[in-house]
Amino acid sequence: MQLGMGSAVETLCGQAYGAHKYDMLGIYLQRSTILLMATGIPLAVLYAFSRPILVLLGESPEIATAAAVFVYGLIPQIFAYAANFPIQKFMQARGIMRPAHTSPRPRSPCTSSSATSSSTASGSASSVRRSCSASAGGSSSSPSSCCFNA
């Protein structure tokens, strides 16, 4: 329920930022935070009375008690989500942060390193390229998995 209501912030903030109406970004942030917090109050009450509601719906008292213990732990999450989600969408609209589901690929420690070594016997310098046995983002990215190729 809160996800659907909070998703409107993404659209509204994106449109306001694209239209250069930067003052509206803050207004949308404030309104959505207040609306989600207000929506969280009835949800918290519903969560607080989850055990009697589940028993009334025909669930066994043991199961209802176990479910209620779990749901009681989710009550603070309602308000944390109501504060966090609008801020996240506000910052995404302004281009300050990436979406949570995308992350940069880890760089392999061996792909960009190059060194020069000199051969003392012939007096000539040979270029040594460092390469990894695993590709970037693979399971083996420690420097010990790299080898030197002449």
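The rules behind the values
- Residues numbered from 1 in each chain as written.
- Predicted model: local features only at pLDDT ≥ 70, side-chain atom pairs only at ≥ 80, totals over all residues.
- Heavy atoms only, no water.
- UniProt positions renumbered as here; feature names shortened; annotations may be inferred.
- Helix = DSSP H or I, 4+ residues; strand = E, 2+ residues; numbered from the N terminus.
- Buried < 20%, exposed > 50% of the residue type's maximum accessible area, 1.4 Å probe, protein only.
- Areas by Shrake-Rupley, 256 points an atom, 1.4 Å probe, with all protein chains shown as cover.
- Expected span 1.5 Å × (residues − 1).
- Bend = angle between axes of the 7 residues up to and from the residue.
- Core = buried A, V, L, I, M, F, W, Y, C linked by side-chain atoms within 4.5 Å.
- Contact = heavy atoms within 4.5 Å.
- Arc of directions from axis to C-beta.
- Phe/Tyr/Trp six-rings, centres within 6.5 Å; stacked < 30°, edge-to-face > 60°.
- Axes fitted to C-alpha atoms, helices over the stretch in contact; angles between N-to-C directions.
- Parallel < 35°, antiparallel > 145°, perpendicular 65-115°, else oblique.
- Left-handed = near helix turned anticlockwise from the far one by under 90°.
- Nonpolar A, V, L, I, M, F, W, Y, C, P; charged D, E, K, R; others polar.

One UniProt comment on the protein, placed under Sequence similarities (unreviewed entry), says "Belongs to the multi antimicrobial extrusion (MATE) (TC 2.A.66.1) family."

**Student:** Quick question: what am I supposed to make of the overall build of the protein here?
**Tutor:** Assigned secondary structure in the protein consists of four helices and three strands. Start at the N end of the protein and walk to the C end: the helices and strands fall as α-α-α-α-β-β-β. Across the 150 residues in the protein, those meeting the buried criterion constitute 23%. Surface exposure of the protein reaches about 10,000 Å², of which carbon and sulfur atoms provide 63%.

**Student:** Hey, could you run me through helix α4 (residues 61-94) in this one?
**Tutor:** Think of an α-helix as turning once every 3.6 residues; residues three or four places apart then point the same way. With 34 residues, α4 should cover 50 Å at 1.5 Å per step; its first-to-last C-alpha distance of 49 Å lies within 8% of that length. The principal kink in α4, of about 30°, is found at Ala80. In the stretch just after α4, Gly95 is the one whose phi turns positive, near 80°.

**Student:** Got a minute to help me understand the nonpolar core in this structure?
**Tutor:** Across soluble globular proteins, nonpolar side chains have a tendency to be buried as a group. Judged by nonpolar contacts, Val9, Cys13, Ala16, Leu25, Leu29, Phe90 and Ala93 together constitute the single largest core of seven residues. Considering every element that reaches this core, the biggest residue donor is helix α1 (residues 2-18), with three residues. What Leu29 contacts, discounting residues up to four positions off in sequence, is Pro86, Ile87 and Phe90.

**Student:** Would you explain the environment of Ile34 in this entry?
**Tutor:** Inspection of the secondary structure puts Ile34 in helix α2 (residues 22-48). Judged by its relative accessible area of 60%, Ile34 falls in the exposed class. Separated by 49 residues in sequence, Ile34 and Ala83 have C-alpha atoms that sit 8.7 Å apart.

**Student:** What exactly am I supposed to notice about α1 here?
**Tutor:** Taking 1.5 Å as the rise per residue, α1 with 17 residues should run 24 Å; its terminal C-alpha atoms sit 25 Å apart, in good agreement. Turning to α1, its buried residues are Gln2, Gly6, Val9, Cys13 and Ala16. On an axial view of α1, the arc spanned by its buried residues comes to 70°, and they lie on one face. Opposite its buried face, α1 presents the exposed residues Leu3, Gly4, Gln15 and Gly18, each directed more than 90 degrees away. Among the structural elements, α2 and α4 are those in contact with the buried residues of α1.

**Student:** When you look at the packing of aromatic side chains in this model, what are you seeing that I'm missing?
**Tutor:** Given two aromatic rings, their pairing is described by the distance between the two centres and the angle made by the two planes. For the structure shown, the criterion picks out two aromatic pairs. Judged by centre distance (5.5 Å) and plane angle (65°), the ring pair of Tyr17 and Tyr22 falls under edge-to-face. The exposure class of Tyr17 is partly exposed, given its relative accessible area of 33%. For Tyr22, a relative accessible area of 42% translates into the label partly exposed. Note on Tyr81 and Phe85: the rings are 5.1 Å apart at their centroids and 25° apart in plane angle, and the pair reads as stacked. Taken as a pair, Tyr81 and Phe85 lie in helix α4 at a separation of four residues, close to a single helical turn. The exposure class of Phe85 is buried, given its relative accessible area of 7%.

**Student:** Please clarify how the packing of α1 against α4 should be interpreted in this entry.
**Tutor:** Between two packed helices, both the angle of their axes relative to each other and the distance between the axes serve to describe the pair. Contact geometry of α1 with α4 gives a least axis separation of 8 Å together with a crossing angle of 25°. Relative to α4, the element α1 lies roughly parallel. Between α1 and α4 the crossing geometry is right-handed. For the pair α1 and α4, contact is made by Gln2, Leu3, Gly6, Ser7, Val9, Glu10, Cys13, Gly14 and Tyr17 and by Ile78, Tyr81, Ala82, Phe85, Pro86, Lys89, Phe90, Gln92, Ala93 and Arg94, respectively. For the contact of α1 with α4, the per-class residue count stands at eleven nonpolar, five polar and three charged.

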